[in-house]
Amino acid sequence: MELDSLYQEVILDHYKKPHHKGVPTGEIQVHHVNPNCGDEITLSLTIRDGKVEDLIWDGTGCSISQASASIMSDLVAGKSIAQAQDALTHFTELMQSKGSIKGDEEILEDAIALAGVSKFPARVKCALLSWMAFKDAAIQNGAKI
Amino acid sequence: MNSPLDVAAIKRDFPIFNEEMRGGKRLVFLDSGATSQKPIQVMDAERDFYSKHNAAVHRGSYYLAEQASEAFEGARARVAAFLAVDVDEVVFTKSATESLNLLATSFERSSGALGIKAGDEIVVSELEHHANLLPWQQLAKRTGAVLKWFEMLPDGSLDLSTIDQIITPRTKVVAITHQSNVLGSVPDIAPIIAAAHAVGALFVLDGCQSVPHQPIDIATLDIDFLVFSGHKALGPTGIGVLWGRAELLDAMEPFLYGGSMIETVTMTSATWAKAPKKFEAGVPNMAQAVGLATALDYLSNVGLPNIHSWEMELTKHALAGLQGIDGVTVVGPQGLENRGGVISFVIDGLHPHDVGQVMDQYGVAVRTGHHCAWPLIRKLGLTGTTRASFYLYNDLADVDIFLESVVGARDYFRKR
């Protein structure tokens, strides 16, 4: 079923047990919403020695948006800005691919499970919500990303 | 119950039902609350206008310009006949949203009894679609007027117990929906209209969810303004209607300025045409007006009482079915009293987006999310709902597939 390509097991696992989810405590907190559906995310992080630290997020939304936030936070937490930037670039490209690429597992790890989302244009924004929040937070913390 | 409509014949008038959805499924369209599908008659009317009569209306002395003006003004007359109002009381806009913005902006610019100024009060309700909230909220912000509202009760009705505090001698305008686009609930507007008029306030009815689905009697309702959109009533996009009492439209300031809406113009001043032209700046959406008139003729031919009773029959089956599914909760009114053919529901532990995505695999088109009524959704303590809305082209088989898809959505995530 086409649906199974969207809702892969790894996505539902992240949805049920999201990583790095809690109460954001950082001084700079970003709040992003998807005005079409009302999904919301609040995210904070700090940048120390060129690395993404203390990343924590909270939010409400569909399985895709919540799983994507969990996967994103795994990929960027504790990583260098350059590595995080690389993941962001690859993930954005994957989401815009309309199913034409599979994604580089070396870079994207669990995020390649979200490749199926790119075939459902209405859901791409769900998957990108947390990534855009991360980008915003990184910039506000002084990262050039 | 036998349908009062020949639904099979009606379905054949709508070419979209020949289209295959994902996985080759037939279309079960339950999102008419967002926009309706279009019968071939409406498409033909638009094509006919462009093919045979297209020219800018109210300009030019040539044959085609006369034809275009006749088609456009003929459309206005047909809309007026549909509403049983005077032809000069029908203003064409691009949408119901524009109709409401027109009113709010015009009241801001008007003087005397119509003008809104600091200290005046504007009343809405928690049921409102953003289109009937934001124009008034922002008008209040700009002018220093006070925005007040009726609160919603859990069954989707309005709490009228404090009506005396909400509607006061300072109230200038009351704008309320005829039917919630989210819950399908029908608020008891008669006491609100009476209270508004008792203090000399104007009453604006948002008819987006009612005009396409049931007979409307403006005289009995005793309202001052009515807005509705064409595209929810089998008509084209880009056309909406504002009806207003003639003496009010005459006293109101314009909304948009430009061609067609003037009487005289100098380099430093201008005077305005009479309503409705005063509110129709620029070359209007002509083919769309003709399409809308044809759509309303279609609805009249089928019969709005028939359409309404059929929608309620479909709603009865869908409600009973949903209420029998473990894990599903209908939000808003639970019965058929004080409701129309719109049902919102949630499934335990599932986000509406995920529910709608699985239902799509069955060919079922439903709306998910906050339905452009975010305050209402927050009031319910939800982040969104899944909404099914019925129309004249839906049949009982659609309801069956709908219910099957709801069970399918629940089980898809339950077993994984």
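Check the entry above for the structure.
So, here is what we can say about the structure in this document. (Residues numbered from 1 in each chain as written. Chains lettered and ligands numbered in written order. Predicted model: local features only at pLDDT ≥ 70, side-chain atom pairs only at ≥ 80, totals over all residues.)

Considering the sheet that holds strand 12 (residues 342–347) of chain B
Residue and element names in this part refer to chain B.
Moving on, step 1. Strand order in the open sheet formed by four strands is 11-12-15-14, with antiparallel pairing between adjacent strands. Both outer strands of the open sheet, strand 11 (328–331) and strand 14 (367–369), are each paired with one neighbouring strand and no more. With strand direction ignored, the average angle separating the axes of adjacent strands in the sheet is 30°.
Moving on, step 2. Note that strand 14 and strand 15 (residues 385–389) share three bridges and pair antiparallel. When the sheet's bridge partners are listed, glycine 369 is paired in strand 15 with threonine 385. (Pairing = 2+ DSSP bridges. Helix = DSSP H or I, 4+ residues; strand = E, 2+ residues; numbered from the N terminus. Axes fitted to C-alpha atoms, helices over the stretch in contact; angles between N-to-C directions.)

Some thoughts on the packing of helix 4 (residues 81–95) of chain A against helix 6 (residues 121–140) of chain A
Residue and element names in this part refer to chain A.
Moving on, step 1. Packing of helix 4 against helix 6 leaves a shortest axis separation of 11 Å and a crossing angle of 155°. Classed by the angle they form, the pair helix 4 and helix 6 counts as roughly antiparallel. Of the two possible hands of crossing, helix 4 and helix 6 adopt the one that is left-handed. Residues Ile81, Ala84, Leu88, Phe91 and Met95 of helix 4 form the contact with helix 6, whose participating residues are Val124, Ala127, Leu128, Trp131, Lys135 and Ala138.
Moving on, step 2. Considering only residue class, the contact of helix 4 with helix 6 consists of 10 nonpolar, no polar and one charged. (Parallel < 35°, antiparallel > 145°, perpendicular 65-115°, else oblique. Left-handed = near helix turned anticlockwise from the far one by under 90°. Contact = placed C-beta atoms within 7 Å. Nonpolar A, V, L, I, M, F, W, Y, C, P; charged D, E, K, R; others polar.)

A word on the environment of Thr177(B)
Residues and elements named next belong to chain B.
Moving on, step 1. Looking at the element boundaries, threonine 177 is found in strand 5 (residues 171–177).
Moving on, step 2. In sequence terms threonine 177 and leucine 127 are 50 residues apart; their C-alpha atoms lie 7.2 Å from each other.
Moving on, step 3. Threonine 177 has contacts with Leu127, Glu128, His129, Asn132, Asp206 and Gln209, leaving out every residue within four places of it along the chain.

Remarks on the interface of chain B and chain A
Moving on, step 1. Contact residues are listed per partner, giving 16 residues for chain B and 13 residues for chain A.
Moving on, step 2. Mapped by element, the contributors of at least two residues to the side of chain B that touches chain A are helix 12 (352–360), strand 14 and helix 13 (374–379) of chain B.
Moving on, step 3. Examining the composition of the side of chain B that touches chain A, we find that four residues originate from one element, helix 12 of chain B, more than from any other.
Moving on, step 4. Here the residues of the side of chain B that touches chain A sort into three nonpolar, 10 polar and three charged.

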